Amino acid sequence: MWLGVDYYPEQWDASLLDADLDTIKELGSNVIRIAEFSWHLMEKKEGQYDFSFFDNVIEHAKAKGLKVIMGTPTATIPAWLAKKEPSILSEFEGGKKRSFGGRHVFCFNSPVLYEYSEKIIRKLVEHYKDEEAVVAWQLDNEIGHEGSDVCYCQQCQKAFQEFLRDKFNGDIHKLNDTYGTTFWSQEYNEFDEIPTPMETITTHNPALRLDWERFRSKSIIDFMYFQADLVREIVGDKLIIHDFPGGGLGKHVDYSKVAKKIDIVAYNNYPVWGGQREPIAPHQIGFALDYMRGLKKQNFWITEAIMGAQGHDVTGYSPRPNQAKMWSYQGFAHGCEAMMYFRYRGATKGAEQFCYGVIDADNKKRRKFYEVQSCFNEISKYETALTKPVKSYVAIVYDYDSLAAFRIQRQSILLDPAVEMEKYYKSFYDVNVPVDIIPEDVSFEGYKIVILSQMIIEKPEMTKRVKEFIKAGGTVVMTYRSAVKDINNNLTFGEMIPVGYSDFAGVSLVETESLQEGQNFPVVGKGIMEGKVGVGGIFRDMLEVSDCEVLYSYGDTFYNEYAAVTRKKQGDGMIYYVGCGLDEATINNIMNQIMTDNNISNEPTNEGVEVCYRGDEETKVRMIMNHNGFEVKYGDKMLAPYASIIEPV
């Protein structure tokens, strides 16, 4: 189990090195993460490579018994490269070049990026390939973050046109037919006529825009695969990781595809960031952790754990005493098996001066230092249990294409697919039932319950797998705006919605409407939900039913003939269809019924108290976390504010 800090010795006087490493060791660390932003330090002038600085750092770390996670430095290109090859810089929409000075300012389709990245990576990795202290290689940093996942330069336009030429086998007529370009006289005679979907009057073709989203994702995936293959060629079976940022479901890149080429998914976990009044909700933190675990369906690392307030220009909320430690425990509870805190010491210069660390710029050991130390000392005792896999019987499934389709056409100004997933997740989280957040190409084997939330793009192979899972005894919950469009982001002629599922689920969507803030409607329980009344909103499908069971119908004057929530038995399993946005209590009613029917054991606790179990029968531990800033009871224990406990079971 690797426990440590993110250390940037290049930002400090060399005389501090030994004292810093002693203090890092005192924390209970056994690893440091270094070098991810140091391209210029390694290559101050083109072709003049010098790794002596990090040679010295590594030698001193080894003397203290510390291992090293080494980063490839491609996230921050050097100024001399931007000056020599300005085509490497990416562009905002409208043709304005990004300035050198931030990070990830390059275009992922730049041949220059590949050329110079290969040189520095090859030299760096070959230099350290036999260094026993290097236990893992980190590729780049937070790929696709902070808007770097889009570029509108000419290199991207030409690459996009070639992407489409390959997709349609050079047949422009096939593209025109697929996109329906006769609409608004958008037919193309040649692939070089096709625009990138920049600002225009009204909007671009939705099929074109979905292919643009796929192209943006491929651009980043290709760059990461290039790095992974290059490093693997040199280091063999040494671990390769990447540190993913938060917000992955909203990025223009499919992180699950990036994860296929690395050994370990790592996560930079920031429950609060600059400008936020308070941290995100506990279930949202849990959702993000489970999404990370689901990228490869295996345990993950946290390479940046928060300890102090964070922010580049605007500083955020400072974690209360023991709150950041509790978030660390939550990370371990959800499958983290290695943790580094960001950062060892807060910076005095540069853009991250207000990203506070374990130690602040005054260089004094205070509460935060001892909080990290206590976390490491306690957690390290349970390494065997915490490195066992997390077992979940519930999965929430997402699809990059469907998420992209909602970025293209929101349909409702209130609809955020990630937030809708979190609502269903919360029903399980609140009763301490583990959940996997997985991409749509992952097997459903081993699950009892699968949630398909806003899976708007219907893919025949996916539909087949879902039906087989249900017939074999699984339960599937489909929500409104699922199976509405085909693989090209077009509506399907002559097919009832949900496409591919209408007969199977026993429902047909006959009308829809999008609602805005305050436009709510009642939903009225039927059958096993008789006597229950809830509230709907955001969006709704008017459902005609054939041979399914109605659980809720609409209770307003004009639409009370239509079903809102249904279920139908198929084979040994069950398919639910939820036709609208629902209030939390109604979602809980439905999910509780499903958990009962599937014999899913749960453990209700007081609000804000989270309980997770890790390990196997021989090593099982219970982790208890109080997300409240006040005392609360769990069983016979009185939990202090932001308490975190790990104990054998």
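These lines cover the structure that appears in this document, whether it is placed above or below. This structure is a prediction, so every number in the text was calculated from the model and none was measured.

What counts and how
Residues numbered from 1 in each chain as written. Predicted model: local features only at pLDDT ≥ 70, side-chain atom pairs only at ≥ 80, totals over all residues. Heavy atoms only, no water. Helix = DSSP H or I, 4+ residues; strand = E, 2+ residues; numbered from the N terminus. Buried < 20%, exposed > 50% of the residue type's maximum accessible area, 1.4 Å probe, protein only. Contact = heavy atoms within 4.5 Å. Areas by Shrake-Rupley, 256 points an atom, 1.4 Å probe, with all protein chains shown as cover. Lys, Arg positive; Asp, Glu negative; His and termini not counted. Charge placed at Lys NZ, Arg CZ, Asp CG, Glu CD. Polar contact = N/O pair within 3.5 Å; in protein donor to acceptor, adjacent residues only side chain to side chain. Expected span 1.5 Å × (residues − 1). Pairing = 2+ DSSP bridges. Right-handed = clockwise from strand over helix to strand, strands pointing away. 1 Å grid on protein atoms, 1.4 Å probe; cavity = no way out; pocket = protein on both sides within 12 Å on 5 of 7 lines; lining within 4 Å. Points joined across faces, edges and corners; volume = space filled by probe spheres on them. Nonpolar A, V, L, I, M, F, W, Y, C, P; charged D, E, K, R; others polar. Phe/Tyr/Trp six-rings, centres within 6.5 Å; stacked < 30°, edge-to-face > 60°.

Focus: the overall build of the protein
Inference 1: In terms of regular secondary structure, the protein is built from 18 helices and 26 strands.
Inference 2: When its C-alpha atoms are laid out on the principal axes, the protein stretches across 75 × 75 × 40 Å.
Inference 3: Among the 649 residues that make up the protein, the fraction classed as buried is 58%.
Inference 4: The long-range fraction of contacts in the protein, counting pairs at least 24 apart against all pairs at least 6 apart in sequence, stands at 72%.
Inference 5: Of the accessible surface of the protein, which amounts to about 25,800 Å², a share of 49% is contributed by carbon and sulfur atoms.
Inference 6: When the 71 basic and 94 acidic side-chain charges of the protein are each reduced to a single mean position, those positions are 3 Å apart.

Brief notes about the side chain of Asp6
Inference 1: With respect to the helices, strands and loops of the structure, Asp6 is situated in strand E1 (residues 2–6).
Inference 2: At a separation of 2.6 Å, a polar atom in the side chain of Asp6 contacts the side chain of Arg33.
Inference 3: Non-local contacts of Asp6, meaning those with residues more than four positions away in its chain, are made with Arg33, Thr303, Glu304, Met340, Tyr341, Phe342, Arg343 and Tyr344.

A look at helix H8 (residues 206–235)
Inference 1: Compared with an ideal rise of 1.5 Å per residue, which puts 30 residues at 44 Å, H8 spans 43 Å between its outermost C-alpha atoms and is within 8% of the ideal.
Inference 2: Where burial is concerned, most of H8 is hidden: 23 out of the 30 residues are buried.
Inference 3: One side-chain oxygen of the residue at the start of H8 lies 2.8 Å from the amide nitrogen of Ala207, identifying that residue as Asn205.
Inference 4: Just beyond H8, the residue with positive phi is Gly236, at close to 70°.

Brief notes about the pairing of strand E13 (residues 449–452)
When a strand is regular, its side chains alternate between the sheet's two faces.
Inference 1: The alternating pattern of E13 places Ile449 and Ile451 and Val450 and Leu452 on opposite faces, both of which are buried.
Inference 2: Across four bridges, the pairing between E13 and strand E14 (residues 475–479) is parallel. Across the sheet, residue Val450 finds its bridge partner in E14, namely Val476.
Inference 3: The parallel pair E13 and E14, bridged by helix H16 (residues 460–471), forms a crossover whose chirality is right-handed.

Looking at empty space enclosed by the protein
Over the atoms, a rolled probe matching the size of one water molecule traces out where space is still vacant.
Inference 1: Applying the stated rule across the entire model yields three cavities of 30 Å³ or more.
Inference 2: Roughly 70 Å³ of internal volume is contained in the largest cavity.
Inference 3: Residue lining of the largest cavity: Leu452, Met455, Ile457, Glu458, Lys459, Met462, Thr463, Met478, Ala483 and Tyr501, and that is the complete set.
Inference 4: Of the residues assigned to the lining of the largest cavity, the class counts are seven nonpolar, one polar and two charged.

A look at helix H18 (residues 584–597)
Inference 1: For H18, built from 14 residues, the straight-helix expectation of 20 Å at 1.5 Å per residue is met to within 8% by its first-to-last C-alpha distance of 20 Å.
Inference 2: Among the residues of H18, the N-terminal cap falls to Asp583, whose side-chain oxygen and the backbone nitrogen of Ala585 are separated by 3.3 Å.
Inference 3: Downstream of H18 by one or two residues, Asn599 has phi in the positive range, about 55°.

Thoughts on the layout of surface pockets
Inference 1: When its volume is computed, the largest pocket comes out at roughly 950 Å³.
Inference 2: Together, 40 residues line the largest pocket, and His145, Pro245, Gly246, Gly247 and Gly248 are the ones closest to its centre.
Inference 3: Elements supplying a minimum of two residues to the lining of the largest pocket: strand E8 (264–269), helix H10 (282–296), helix H14 (400–408) and helix H15 (417–429).
Inference 4: Among the elements that make up the lining of the largest pocket, the one with the highest residue count is H10 (six residues).

Side note on the packing of aromatic side chains
By convention here, two paired aromatic rings are described through the distance between centres and the angle between planes.
Inference 1: Under the defined criterion, the tally for this structure stands at 33 aromatic pairs.
Inference 2: Judged by centre distance (6.0 Å) and plane angle (65°), the rings of Trp80 and Tyr116 are edge-to-face. A residue pair is termed long-range when its members are at least 10 positions apart, and Trp80 in helix H4 (residues 79–84) and Tyr116 in helix H5 (residues 111–128) qualify at 36 residues. Grouping residues by exposure puts Trp80 and Tyr116 together as buried.
Inference 3: Considering the side-chain rings of Trp212 and Phe215, the 5.5 Å spacing of their centres and the 35° angle between planes classify their relative orientation as tilted. Of the two residues, Trp212 and Phe215 are both situated in helix H8; the distance of three residues between them amounts to about one turn of the helix.
Inference 4: Note on Phe215: relative accessible area 4%, which makes it buried.

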